[in-house]
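Coordinates in review
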Amino acid sequence: HAPKASIKTGTAPKPAIQNSLASPSILAWLFHQKIEMRLPFHRQEKEWDRYGLSTSRRTLANWFIKAAQDWLHPLCERMRQHLVNEEVVHADETVYQILNRSDKRPATSESRIWLFRNSQYADHPIVLYHSSLTRQRQVALDFLQGFSGFLHCDGYSAYQNIPGIVVSACWAHLRRKFIEAGDEYGHSAKGVDYCNQLFALERELKQLPNAELLDIRRKKAKPIVESFWRWVDSFHAMKGNLSKAIQYALKLKEPLERFLTDGRL
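Taken together, the side chains of Arg176, Lys177, Lys244 and Lys251 present a region of like positive charge at the surface. Taken together, the elements giving at least two residues each to the positive patch come down to helix 5 (171-181) and helix 8 (240-251).

What follows is the structure in structure tokens.
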């Protein structure tokens with residue numbers, strides 16, 4: 001007699017979202033359309049209907065939120081843990097609006113998107129965006145918890161005087177201050193020119209190893225920086241945007257010079 005046949009059921013793949021029609025490929029396309037292509041859910045709803053998947057925009061939004069919480073948030077946190085173990089990190093933030101705020105403030109209130117990334121010389125590039133309702137110092141403290149090293153940033157006070165962190169100030173932000181002064185031929189134009197001289201030199205050096213780059217910076221960039229400070233000390237701006245630019249530079253004098261101490265900066 002032939003042996004009795006038996007059927008064994010294999011373990012089914014774990015769904016990306018429990019008890020949901022959303023497969024990993026559906027979620028990947030959903031995120032691509034929403035984030036990369038900026039396609040709102042009500043338009044995606046129509047597109048999925050043409051594909052034969054009848055689902056509401058509410059369901060798509062719930063899939064998006066749930067998948068972000070379950071799959072992307074742990075990945076972002078893992079990347080943050082790697083980021084704070086780096087020795088050089090960049091930080092900045094910009095204004096944006098949230099229509100339906102959890103703090104019940106009007107949609108016209110300013111929120112912030114914070115950007116944190118590692119150095120261009122890092123083995124694995126990490127770029128993270130962090131959303132917050134405010135620009136409070138605590139946001140930066142929480143995100144950078146565990147970090148010790150150089151922090152590239154502007155003159156915002158939230159980044160200053162954090163234990164274990166050495167600020168390397170940004171000449172591009174300083175140049176913007178001189179541009180905002182609006183004088184195309186006077187003192188502010190001179191300030192812009194000093195910044196541009198440094199940027200032109202950096203473009204020539206960016207492919208060099210750190211040690212060689214730093215050596216040339218000390219020979220060529222340092223005289224430009226010293227000349228800049230002599231120029232700053234040569235006149236007194238009484239008021240207006242030029243005065244703000246000068247005060248901004250003087251407040252950050254040491255951090256602005258920090259790129260002369262390490263080729264990674």
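Turning our attention to the sheet that holds strand 5 (residues 165-169). Ordered by their spatial adjacency, 5 strands build an open sheet running 3-2-1-4-5, and the pairing between neighbours is mixed. Taken across any chain shown, the strands that pair with only one partner, and hence form the sheet edges, are strand 3 (127-132) and strand 5. On average, each strand axis in the sheet is inclined to that of its neighbour by 25°, with strand direction left out of account. Across 8 bridges, strand 1 (residues 88-96) lies against strand 2 (residues 111-118) in antiparallel orientation. Its bridge partner lying in strand 2, His90 is registered against Arg117.

Attention now moves to helix 7 (residues 210-233). Within helix 7, the axis deviates most sharply at Arg218, by approximately 40°. What helix 7 keeps buried is the set Leu213, Leu214, Ile216, Arg217, Ala221, Ile224, Val225, Phe228, Trp229, Trp231 and Val232. Summarising the contacts, the buried residues of helix 7 are in contact with helix 5, helix 6 (187-205), helix 8 and helix 9 (253-256).

As a further point, take the pairing of strand 4 (residues 149-153). Burial within strand 4 is extensive, with 5 of its 5 residues counted as buried. Pairing geometry for strand 1 and strand 4, over 3 bridges, is parallel. Within strand 4, the residue paired with His90 across the bridge is His152. Of the strand pairs in this sheet, strand 4 and strand 5 are connected by 5 bridges, and their pairing is parallel. Note that in strand 5 the partner of Leu151 across the bridge is Val167.

About the cut-offs
Residues numbered from 1 in each chain as written. Predicted model: local features only at pLDDT ≥ 70, side-chain atom pairs only at ≥ 80, totals over all residues. Heavy atoms only, no water. Patch = residues over 30% accessible without salt bridge, like charges linked within 9 Å, V, L, I, M, F, W, Y side chains within 5 Å. Areas by Shrake-Rupley, 256 points an atom, 1.4 Å probe, with all protein chains shown as cover. Salt bridge = Lys/Arg side-chain N within 4 Å of Asp/Glu carboxyl O. Lys, Arg positive; Asp, Glu negative; His and termini not counted. Charge placed at Lys NZ, Arg CZ, Asp CG, Glu CD. Helix = DSSP H or I, 4+ residues; strand = E, 2+ residues; numbered from the N terminus. Pairing = 2+ DSSP bridges. Axes fitted to C-alpha atoms, helices over the stretch in contact; angles between N-to-C directions. Bend = angle between axes of the 7 residues up to and from the residue. Buried < 20%, exposed > 50% of the residue type's maximum accessible area, 1.4 Å probe, protein only. Contact = heavy atoms within 4.5 Å.

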